[in-house]
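# Inside the fold
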Amino acid sequence: MAEPKGVTVGRWAGRNPGKDVVRHDIWRRLAKEGVAVGPAWSMIPNFVGADVAAWRLAQTAAWKAARTIKTNPDHPQIPIRIRALYEGKIVYTPVPYLTHDFPYLRLDPKVLADKGISFELAATAQGFMEHGERIEFEAIEPLDFCVVGSVAVGRAGGRTGKGAGFADLETGIFRELGIVTAETPMATTVHSIQLVPDEVVVIESHDSPLDFIATEAELIETGNTMPRPMGVSWDKVRRDQFETIPFLAQLRDRMNARKAG
């Protein structure tokens, strides 16, 4: 699949030129090599072998011990949600692009089974939006394992997303609320084409490093020692994020009031 006609930059390009270079190169390579499933540009790309990558991630002791899982809502992580539900884990996933007045959905495999809803359906964006329990950030229970979407990753645990800043904002909120700790495993699944040299991954102060990277070919335990941001730097949240994420300003006010109290 070729780069979209007339498109030379991603949807959120310009926020960090160094990250733009990396993600644009990966999108082109995925299309050129024919391993992208569906469109890749400006997205967390789906890829051939996503189901195998999910299987590799599920072999880790951290996954096996986890009762609560957070995944990003994108297509390549559908196999992760399916596997988690079949293993009896509670799955939390955000509303795509956080554009609704509620941020998260909760998928309980027992509730889904009692309602006769297949896990395969519930794992899709349409399925979890229709059948998931709508909840606020503060209602999410402590998470045992977090999966984020990635466009490019380095073996040392650095990560570049699609450029919207959703994943790092969510993780910062989780950490500030105590839902995620410094020890909570952070993981991603990508195609091996999406692995890049560590030195080209731009890491900012609000970025969270990865502990596990699963591809169609291997499982990487990064052993990262990078610092993990333990909250949200609200002064670094962009104006357009407050404009496009309906609940964000109210959540900020509640969290600030909580700290003040």
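Here's what I pulled together on the structure shown here.

Definitions and limits used
Within each chain, residue numbers correspond to sequence positions counted from 1 in written order. Given that this is a predicted model, residues contribute local features only at a pLDDT of at least 70 and side-chain atom pairs are listed and counted only at 80 or more, while totals for whole chains, interfaces and linings are drawn from all residues. Water and hydrogen atoms were dropped before computing side-chain values, which therefore reflect all heavy atoms in the structure. By definition here, a salt bridge exists when the distance from a side-chain nitrogen of Lys or Arg to a carboxyl oxygen of Asp or Glu is within 4 Å. The way it works is that DSSP assigns letters per residue, a run of H or I at least four long becomes a helix, a run of E at least two long becomes a strand, and they are numbered from the N terminus. Here the axes come from fitting lines to C-alpha atoms, over the contacting stretch only for helices, and the angles between their N-to-C directions go from 0 to 180 degrees. If an angle is under 35 degrees, it is roughly parallel; if it is over 145, roughly antiparallel; if it lies from 65 to 115, roughly perpendicular; otherwise it is oblique. Take the far helix as your reference; a near helix turned counterclockwise from it by less than a right angle gives a left-handed crossing, and one turned clockwise gives a right-handed crossing. Contacts are assigned to residue pairs that have any heavy atoms within 4.5 Å of one another. Here a strand pair is declared whenever DSSP counts at least two bridges between the two strands. Aromatic rings from Phe, Tyr and Trp, taking only the six-membered ring of Trp, are treated as a pair when their centres fall within 6.5 Å; an angle between ring planes under 30 degrees marks them as stacked, one over 60 as edge-to-face, and anything in between as tilted. Exposure categories follow from relative accessible area, calculated using a 1.4 Å probe and restricted to protein chains: below 20% of the type maximum is buried, above 50% is exposed, and the middle band is partly exposed. Each residue after the first adds 1.5 Å to the expected span of a helix. It is the directions from the helix axis to the C-beta atoms that the arc portrays.

Per the stated rule, a full pass over the model turns up 8 salt bridges. The salt bridge involving Asp108 is made with Arg106; its shortest N-O contact spans 3.7 Å. The partner of Glu141 in a salt bridge is Arg106, and the shortest N-O contact between them spans 3.4 Å. You can see Glu141 sitting in the loop between strand 4 (133-135) and strand 5 (145-147) and its partner Arg106 sitting in strand 3 (residues 104-107), a full 35 residues away along the chain.

When two helices pack together, their arrangement is given by the angle between their axes and by how far apart the axes lie. In contact at an axis separation of 8 Å, helix 2 (residues 50-57) and helix 4 (residues 78-86) are set at 45° when each is read in the N-to-C sense. Judged by the angle between their axes, helix 2 and helix 4 are oblique. In terms of crossing hand, the pair formed by helix 2 and helix 4 is right-handed. Residues Ala50, Asp51, Ala54, Trp55 and Leu57 of helix 2 touch helix 4, and the partners they reach there are Pro79, Ile80 and Arg83.

Turning our attention to the sheet that holds strand 11 (residues 219-221). Spatially, 8 strands are ordered 4-3-2-1-5-8-10-11 in an open sheet, and the strand pairing comes out mixed. A strand with exactly one partner marks an edge of an open sheet, and here the two such strands are strand 4 and strand 11. Neighbour to neighbour, the strand axes of the sheet diverge by 25° on average, direction disregarded. As paired elements, strand 2 (residues 90-94) and strand 3 share 4 bridges and run antiparallel to each other. When the sheet's bridge partners are listed, Val91 is paired in strand 3 with Leu107.

All right, on to the packing of aromatic side chains then. This model, assessed by the stated rule, comprises 7 aromatic pairs. Consider the rings of Tyr104 and Phe174, whose centres lie 5.5 Å apart with planes at 65°: the pair is edge-to-face. Placement of Tyr104 in strand 3 and of Phe174 in helix 8 (residues 166-177) is noted, with a sequence separation of 70 residues between them. Judged by its relative accessible area of 0%, Tyr104 is buried. Note on Phe174: relative accessible area 1%, which makes it buried. Here the aromatic rings of Phe137 and Phe174 are separated by 5.5 Å at their centres, their planes lie at 65°, and the arrangement is edge-to-face. Taken as a pair, Phe137 in the loop between strand 4 and strand 5 and Phe174 in helix 8 lie far apart in primary sequence, 37 residues in all. Note on accessibility: Phe137 and Phe174 belong to one class, buried.

Another aspect to go through is the pairing of strand 8 (residues 186-189). Looking along a regular strand, one sees side chains alternate from face to face of the sheet. Where burial is concerned, the two faces of strand 8 agree: the one with Met186 and Thr188 and the one with Ala187 and Thr189 are both buried. Relative to strand 8, strand 5 is paired through 2 bridges, and the arrangement is parallel. Its bridge partner lying in strand 8, Val147 is registered against Ala187.

Moving on, we come to the pairing of strand 3. Sheet analysis places strand 3 next to strand 4, joined by 3 bridges and oriented antiparallel. Each bridged residue has a counterpart across the sheet, and for Leu105 the counterpart in strand 4 is Arg134.

Attention now goes to helix 10 (residues 248-260). For helix 10, which comprises 13 residues, the first-to-last C-alpha distance of 18 Å matches the rise-based estimate of 18 Å (1.5 Å per residue) to within 8%. Within the span of helix 10, buried status applies to Leu248, Leu251 and Met255. Take helix 10 and look down its axis: the buried residues cluster within an arc of 60°, on one side only. Looking at helix 10, the residues exposed on the side facing more than 90 degrees away from the buried face are Gln250 and Ala260.

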